[in-house]
Amino acid sequence: MTRRPRRDLLAGLTVAIVALPLALGFGISSGMGAEAGLATAVVAGALAAVFGGSGLQVSGPTGAMTVVLVPIMAQHGASGVLTVGVLAGLILVALALARAGKYMALVPAPVIEGFTIGIACVIGLQQVPAALGVPTPEGEKVVVVAWQAVQDFVARPQWWAVAIALAVAAIMLVGARWRPTVPFSLLAVAAATVVVELTGLPVAAIGELPAGLPAPSLAFIDPAALSSLIAPAIAVAALAGLESLLSAAVADGMTVNHKHDPDRELFGQGLANLASPLFGGVPATGAIARTAVNVRSGATSRLASLAHAAILAAIIYSAAGLVAKIPLAALAGVLLATAVRMVEAGSVKAMVRSTRSDAVVLVLTAIATLALDLVMAVIIGMLVAGALALRAIARQVRLDAMPIHQDLPGDHTDEELKLLSEHIVAYRLDGPLFFAAAHRFLLELTEVANVSVVILRMSRVTTIDASGALVLGDAISRLRSRGIVVYVSGLKVGHHKPLQALGVMQRLADEGRVFDTTPEAIAAARRHLHHKGMIPVGAG
């Protein structure tokens, strides 16, 4: 932190300017109020900066977390949101101690992309009442609430609110393309506030804010309600961990030598979420947009994100009166523009065009995020992605008939090879023999034509589970019932366990029909055919 303090302090100031309207907006969108968003940005931002696993991460209230908190606020009130924050913090600390950070990287990219699209839609719909200048209707489903707000607007139009929201959003979107380093969000909000104050337009403002952070307190916790808040706390912890580690990974990708520690990041986010509710703040996560601004502004250490929190604290204590005059419609415009900028159109197009499976996962996750909730959306996306991946792996399993002459030792005439091929067929199994592919393997193998001997070449089998072992045993039994003798070659050491546990290979091993190499199996098959008189003794 002492290496380049001037550069880090300047980056922290830039991030604070960007974060101020976002913290206010997300606090209001969560239902907890603008002061809750500011408290979160200060307390959680400072603690995550010191104790987190990324030196460039900026933490605070985010749109994704707001989406999760709205139904909790509707069902359990402010005390429920604060209690959930504390419980989520404890869960994150436990995950960090269990070293679970590395597993968060297993979420497929289409799930994350669909999740982001869904969140952007939810955030945009949440801003409809404020952008239209009408009170926020009661309800948990954002689509229903937004539609009710539109109906209220039609009955009592508030065109000035609409104009302010659209103007702020337009300035942010156009300005970001023109001069990405300029904090157009703050400039647009400041301009809208000045216009409303000078003209006296009938547009609702944030309202009175406390001049400072409240004293820390645990009075909000109701022991009787803890059991009903466990599930929401798990959802909040899962989202906080996932979004924070994703944001930290983005910061790594934007730099050359920086690399975050995922377990320490979970620990820092856990402490941040434990402390934030004590000061009236909402649960926090690493914020991708603010982290990106921090990196682009030249941050090199934790000092930048720590300075961002300190500057926001100074604003709370010295400028609460000015902040209270900001129009709600202006903040709605900020969040509308934020929702638009969350979706990377190029990335979405590329993913949709890559494979049909990726497109299905992306679209389904986005719809589930909008229609259900974020955690359910991720679970559904993971399950569908897993099922499609299993199907793709299962399709890789092949059962190919192989010519036996390439493994016969010595020289042989064409007549001898033809005679052997009439009685012996060798099949090579490629890929994993597991539950998703076992049924197709059974159908293919039991359709073997009438031959005397089948040699199963298993050196290229990558894995065998219990289902695959049972199907293999069933296929061997069916072949034997047709009078076909089965030999097995190339079985790997690690594959013996499931086969032995289920007794699949015991009879073949007792009969001496399991070999390390295919030539050995072919030689044994030839001896068997000689013994049965099916081929002349001199053949081969």
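Residues numbered from 1 in each chain as written. Predicted model: local features only at pLDDT ≥ 70, side-chain atom pairs only at ≥ 80, totals over all residues. Heavy atoms only, no water.

A word on the overall build of the protein chain
Defined as follows: The way it works is that DSSP assigns letters per residue, a run of H or I at least four long becomes a helix, a run of E at least two long becomes a strand, and they are numbered from the N terminus. Each radius of gyration reported is based on C-alpha atoms, and the globular scaling rule is 2.2 Å times the count of residues to the power 0.38. A simple rule labels every residue: compare its accessible area, found with a 1.4 Å probe on the protein chains alone, to the largest value its type can have, and call it buried under 20%, exposed over 50%, or partly exposed in between.
A tally of helices and strands in the protein chain yields 23 helices and eight strands. A globule of 540 residues ought to have a C-alpha radius of gyration of about 24 Å, yet the protein chain, at 32 Å, is considerably larger. Projecting the C-alpha coordinates of the protein chain onto the three principal axes gives extents of approximately 110 × 55 × 55 Å. Taken over 540 residues, the protein chain has a buried fraction of 51%.

Focus on the pairing of strand S5 (residues 453-457)
Spelled out, the test is: When DSSP finds two or more bridges between two strands, those strands count as paired.
The buried fraction of S5 is high, at five of five residues. Where burial is concerned, the two faces of S5 agree: the one with Val453, Ile455 and Arg457 and the one with Val454 and Leu456 are both buried. Across five bridges, the pairing between strand S4 (residues 424-433) and S5 is parallel. Bridge pairing links isoleucine 424 to valine 453 in S5. Relative to strand S7 (residues 485-489), S5 is paired through five bridges, and the arrangement is parallel. Of the residues in S7, the one forming a bridge with isoleucine 455 is tyrosine 487.

Quick notes on the pattern of salt bridges
Defined as follows: By definition here, a salt bridge exists when the distance from a side-chain nitrogen of Lys or Arg to a carboxyl oxygen of Asp or Glu is within 4 Å.
Scanning the entire structure with this criterion turns up six salt bridges. Here arginine 99 ties to aspartate 263 by a salt bridge, and the two come within 3.6 Å at their closest N and O atoms. In this pair, arginine 99 is assigned in the loop between helix H3 (63-97) and helix H4 (109-126) and aspartate 263 in helix H10 (residues 262-275), connecting sequence segments 164 residues apart. Its relative accessible area of 51% is what places arginine 99 among the exposed residues. Among the salt bridges present, the one from arginine 513 reaches glutamate 511, with a minimum N-O distance of 3.1 Å. With relative accessibility at 34%, the residue glutamate 511 sits in the partly exposed group. Here the salt bridges do not stand alone but share partners, grouping Arg480, Arg507, Glu511 and Arg513 into one network.

Observations concerning the layout of surface pockets
Our working definition: The definitions used throughout rest on a 1 Å grid laid over the protein atoms alone, on which a cavity is an enclosed set of points accommodating a 1.4 Å probe that cannot get out and a pocket is an open set flanked by protein within 12 Å on both sides along at least five of seven lines; lining residues are those having an atom within 4 Å of a point. Grid points are joined across faces, edges and corners, and a volume is the space filled by probe spheres set on the points.
By volume, the largest pocket amounts to about 1,500 Å³. Along its surface, the largest pocket is lined by 41 residues, and Ile288, Ala289, Arg341, Met342 and Glu344 are the ones closest to its centre. Breaking the lining of the largest pocket down by element, the ones donating at least two residues are helix H1 (5-30), H3, H4, helix H7 (159-178), helix H8 (184-199), helix H9 (226-253), helix H11 (288-296) and helix H14 (328-342). Lining of the second largest pocket is provided by 34 residues; of these, Ile28, Ser29, Gln126, Pro129 and Thr136 occupy positions nearest its centre.

So, the packing of aromatic side chains
How we decide: For this analysis, a ring pair means two rings from Phe, Tyr or Trp (six-membered ring only for Trp) whose centres lie within 6.5 Å, classed as stacked if their planes differ by under 30 degrees, edge-to-face if by over 60, and tilted for the remaining angles. Ring-over charges, as used throughout, are those where CZ of Arg or NZ of Lys falls within 6 Å of the ring centre and within 35 degrees of the ring normal.
Under the counting rule described, the total for this entry stands at three aromatic pairs. On the basis of an interplanar angle of 45° and a centroid distance of 6.2 Å, the ring pair of tryptophan 178 and phenylalanine 184 is categorised as tilted. Residue classification places tryptophan 178 among the exposed residues on the basis of a relative accessible area of 56%. Exposure remark for phenylalanine 184: the relative accessible area of 14% places this residue in the buried category. Geometry around tyrosine 487 places arginine 513 over its ring, the cationic atom sitting 5.7 Å from the centre.

Some details on the nonpolar core
What counts is decided by this rule: To qualify as a nonpolar core, a set must consist of buried Ala, Val, Leu, Ile, Met, Phe, Trp, Tyr and Cys residues joined through side-chain atoms within 4.5 Å. Whether two residues are in contact is decided by their heavy atoms: any pair within 4.5 Å suffices.
In this structure, Leu24, Ile164, Val168, Ile206 and Val236 are the most contacted members of the largest nonpolar core, which totals 81 residues. If one sorts the elements of this core by residue count, H3 sits on top with 14 residues. When near neighbours in sequence (up to four residues on either side) are disregarded, isoleucine 206 contacts Leu24, Ile28, Ala34, Val323, Ala324, Ile326, Leu328 and Leu331. Listed in part, the 26 residues of the second largest apolar core include Ala469, Leu472, Leu479 and Leu499.

Section: the environment of isoleucine 230
Following the sequence through the fold, isoleucine 230 ends up in helix H9. Overall, isoleucine 230 belongs to the partly exposed group, its relative accessible area being 41%. Separated by 175 residues in sequence, isoleucine 230 and glycine 55 place their C-alpha atoms 31 Å apart.

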